[in-house]
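Understanding the architecture of this molecule
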Amino acid sequence: MGQCGSCCRSCWGQTKDDEANKDEKFGSGTQNKDLSDGPVKNRRMTDILWIPVFIAAQVIYIIVTIAGCQDGNPAKLYSPRDFMGAYCGVEDNWNNGPNLGATGSLSLTMNLTSTVDLLMKQAVCSSPASEALTVGNANYGPLLSTQAERDKYLCDCCIAPCGGVCDGSLALEDFSDPTALFNSMSSKLQELTDLSKATELFSTGGANGEMFSTSAFWEEATKYFNQVCVTDCTVDYTTINGSSGIRTFTYKPPPDSDFYDIWNTLLNANTANPLVAKITELINASFTFEALPFATCPYNPEFCVPFPGVGFQELAGNSMYCTFDFAGEVIDAIGSGAAEALRAIGVMDIASSATTELGKLAGDFLSAIDAFIVISVLSFVIGIVFLVVLRFTIGICVWIAVAISVLMFVVFGALVFVMSIQCSGAGIWETGVQTSVAVVVAGTTAVSQTLTGEEVSEDCTGDCQDYRGIQKFSKNGLSCVTWDDPSRTRMSQYSSTAYPEADLEKNYCRNPYKANDTLKHDTIWCITSDELVKWEECYPIGVIIPECDDGHEIEPEEWRTILHYTSYVIWGLGGVWLIIIICMVKRINLAISLNKVAALFLARNPHIVLIPVVQAIVAIIWTLLWFLSASFLLSQVPADYTPTASYATYTEAYGTGGNCTFWSTITGETCVEGTPGMCNDQWPTGDVWKASAADCEWADGVAKCWRCSQPRYAF
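This structure is a prediction, so every number in the text was calculated from the model and none was measured. (Residues numbered from 1 in each chain as written. Predicted model: local features only at pLDDT ≥ 70, side-chain atom pairs only at ≥ 80, totals over all residues. Heavy atoms only, no water.)

Observations regarding the nonpolar core
Counting 77 residues, the largest nonpolar core has Tyr153, Phe202, Phe225, Tyr299, Phe307 and Val310 as its most contacted members. For this core, the leading source of residues is helix α8 (residues 178-193), giving five residues. What Tyr153 contacts, discounting residues up to four positions off in sequence, is Val124, Cys125, Ser126, Ala129, Ser130, Leu133, Thr134, Leu144, Ile159 and Ile262. Core analysis: the next-biggest nonpolar cluster, separate from the first, contains 19 residues, Tyr499, Ile524, Trp525 and Cys538 among them. (Core = buried A, V, L, I, M, F, W, Y, C linked by side-chain atoms within 4.5 Å. Buried < 20%, exposed > 50% of the residue type's maximum accessible area, 1.4 Å probe, protein only. Helix = DSSP H or I, 4+ residues; strand = E, 2+ residues; numbered from the N terminus. Contact = heavy atoms within 4.5 Å.)

Printed below as a string of structure tokens:
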């Protein structure tokens with residue numbers, strides 16, 4: 001029989017050394033204390049006094065739960081809520097809300113204000129409308145009687161550069177002929193008002209072009225749809241024409257819109273005036289929509305207008321939530337693959353906008369207890385399988401995780417830096433793009449000037465009328481066109497001849513205006529090469545962090561300074577972390593090897609898993625009981641918890657700082673992030689919604705359309 005190798009203790013079991021040491025006592029080390037019977041002798045229970053305290057706590061818990069059952073309604077924690085905060089499937093909603101007892105499914109209808117907004121502006125801000133409102137003709141004077149009204153209109157439409165309103169012209173097709181405008185607008189609106197035109201609406205060859213047929217529209221689904229409660233998700237929106245109970249609604253800009261008075265002026269204009277006759281006819285004839293019957297959609301008709309070609313189906317079996325489902329003719333027109341892709345994008349945007357809050361999470365948990373139990377069981381099975389598979393894949397998993405950890409420092413540092421310079425109203429992505437453009441232009445210009453030996457000043461003061469730099473890209477990276485380009489037909493009033501002192505050289509950004517001009521911008525700009533964006537602001541070369549006219553997204557300045565330096569700290573820590581990883585490569589590989597051994601041991605001794613299984617079962621039962629009792633307590637929201645009044649602006653209702661009252665120190669009427677509104681001046685905070693024009697309250701000529709909705713829960 002062969003001899004055993006030197007690495008083995010024995011071929012048969014115990015060695016001679018083991019036999020010699022079998023009677024040796026288990027000691028504590030240096031003290032040589034016998035611990036064979038455990039570290040403590042004569043053990044006994046020492047926490048008996050806490051048992052009555054525990055029992056008392058459970059009694060109090062039961063009493064409070066019983067009290068909560070009298071007024072609480074757990075359904076409020078998980079029932080869908082419409083755009084005004086009312087609960088689907090509930091008859092008596094707060095503040096005389098709609099009776100939604102028969103409409104328990106949350107679906108989506110067209111948001112007319114957002115969907116028609118660009119079409120409204122295209123009509124109101126068109127060249128014929130602008131001429132009629134501000135200039136007139138030989139027989140009819142301008143419809144706007146004062147220069148102040150005319151200047152406000154030109155600013156609201158971004159027809160002329162003026163500070164504080166626009167940073168570029170509206171990217172809308174313009175028509176100089178009223179008849180051409182009427183024909184184009186009528187075709188576009190017919191695709192929205194006639195449900196049988198859904199195929200044309202979602203076709204790139206339709207009158208609306210790519211407005212509704214690309215992913216850009218569906219990425220902003222929350223902007224173009226209202227959340228409303230309907231009878232069920234299978235309501236056929238595509239066949240309501242001619243059905244009983246169908247309602248109609250004629251669109252108007254909201255009373256608090258800058259275009260409300262202009263719209264009424266055009267609507268009531270003298271149709272004998274050839275400048276406005278077609279526009280008035282367009283407004284009267286083409287902006288009327290059909291709405292679902294009240295029994296199906298129990299709201300004002302403007303909130304019940306179906307979107308052509310868009311139907312709905314249940315998100316899951318017996319679900320109270322509806323999801324997009326295109327009509328058959330739309331799928332045939334754009335293809336099933338494109339339809340599914342657009343539907344998925346829309347669903348993701350709607351889901352991402354859902355407000356996640358404690359009460360909603362508790363309600364979702366209650367409505368999905370069966371799924372919770374199934375998932376818990378599957379998690380154990382998957383966990384055991386994962387431990388076995390981990391034996392072979394742990395090395396790959398660890399190094400991928402290490403790489404992601406380094407990348408997170410880079411990305412998070414960039415995000416914090418962008419947040420430190422983000423202007424109010426600008427998105428994170430928009431700010432990042434503009435910063436990237438500024439860095440690239442500054443870098444390429446510096447290299448070019450170094451090679452040529454040319455130096456040009458980029459300095460300017462005030463509104464930058466004295467700027468004589470060589471910036472030739474707008475802030476979003478659009479290239480500028482030459483001021484004296486003879487082929488340019490748009491904004492031809494701006495040329496070196498018309499503004500000789502403005503130094504309109506080549507295609508460099510400038511801020512041309514004369515001393516007596518009433519319309520003047522507040523920084524440099526240029527005419528872009530983009531067909532839709534006629535003009536846009538520029539930043540002087542080297543300005544990486546521009547000034548924000550409307551303030552910053554994050555206030556006060558101290559916070560921005562902290563974020564700015566925090567970004568450098570994060571990047572620095574990322575570098576340190578990378579160095580540590582490089583130095584710890586051998587130890588990481590050792591840890592991987594140890595985990596492989598541990599995973600192999602667990603795979604060979606699966607009975608060890610029974611201990612956490614029993615613990616988890618007990619924890620699950622306790623969690624279910626706790627959530628049941630907590631749901632009754634959370635759902636008790638007092639009727640006077642939220643104001644019932646109406647407010648003139650979103651800022652007045654919502655404030656200028658989201659949930660600042662929750663985690664910020666309030667000093668007087670303000671908090672660190674801003675000023676809380678009337679609807680969220682206490683936590684848990686309510687939300688805001690905008691009433692229809694018919695339900696707005698008026699005070700001293702001011703429309704008050706913004707209202708509050710209650711939170712799902714309160715303490």
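Some remarks on the packing of aromatic side chains
Tallying each qualifying case throughout the model produces 20 aromatic pairs. With a centroid separation of 5.9 Å and 75° between ring planes, the pair formed by Phe83 and Trp689 is classed as edge-to-face. Separated by 606 residues along the polypeptide, Phe83 in the loop between α3 (75-78) and β1 (105-110) and Trp689 in strand β9 (residues 687-690) bring together distant segments of the chain. Taking relative accessible area as the criterion, Trp689 reaches 12% and is therefore assigned buried. (Phe/Tyr/Trp six-rings, centres within 6.5 Å; stacked < 30°, edge-to-face > 60°.)

Overview of the packing of helix α6 (residues 127-134) against helix α7 (residues 147-156)
Between α6 and α7, whose axes approach to 10 Å, the crossing angle comes to 165°. Judged on the interaxial angle alone, α7 and α6 are roughly antiparallel. The two elements α6 and α7 meet at a crossing, and its hand is left-handed. Taking contact as the criterion, the partners of Ala129, Ser130, Leu133 and Thr134 in α6 are, on α7, Arg150, Tyr153 and Leu154. For the contact of α6 with α7, a count of residues per class yields four nonpolar, two polar and one charged. (Axes fitted to C-alpha atoms, helices over the stretch in contact; angles between N-to-C directions. Parallel < 35°, antiparallel > 145°, perpendicular 65-115°, else oblique. Left-handed = near helix turned anticlockwise from the far one by under 90°. Nonpolar A, V, L, I, M, F, W, Y, C, P; charged D, E, K, R; others polar.)

Overview of the side chain of Ser130
With respect to the secondary-structure elements, Ser130 resides in helix α6. For Ser130, a relative accessible area of 12% translates into the label buried. Not counting residues within four places of it along the chain, the set of residues in contact with Ser130 comprises Val135, Tyr153, Leu154 and Ile159.

Quick notes on the pattern of salt bridges
Summed over all chains, the structure comprises nine salt bridges. Lys152 is the salt-bridge partner of Asp156, the closest N and O atoms lying 2.7 Å from each other. In this pair, Asp156 and Lys152 are both assigned in helix α7, four residues apart and thus about one turn of the helix distant. Residue Lys278 pairs with Glu281 through a salt bridge whose shortest N-O separation is 3.7 Å. Placement of both Lys278 and Glu281 in helix α13 (residues 277-286) is noted, with a separation of three residues, approximately one turn of the helix. (Salt bridge = Lys/Arg side-chain N within 4 Å of Asp/Glu carboxyl O.)

Note that all results are geometric; they support no functional claim without further evidence.
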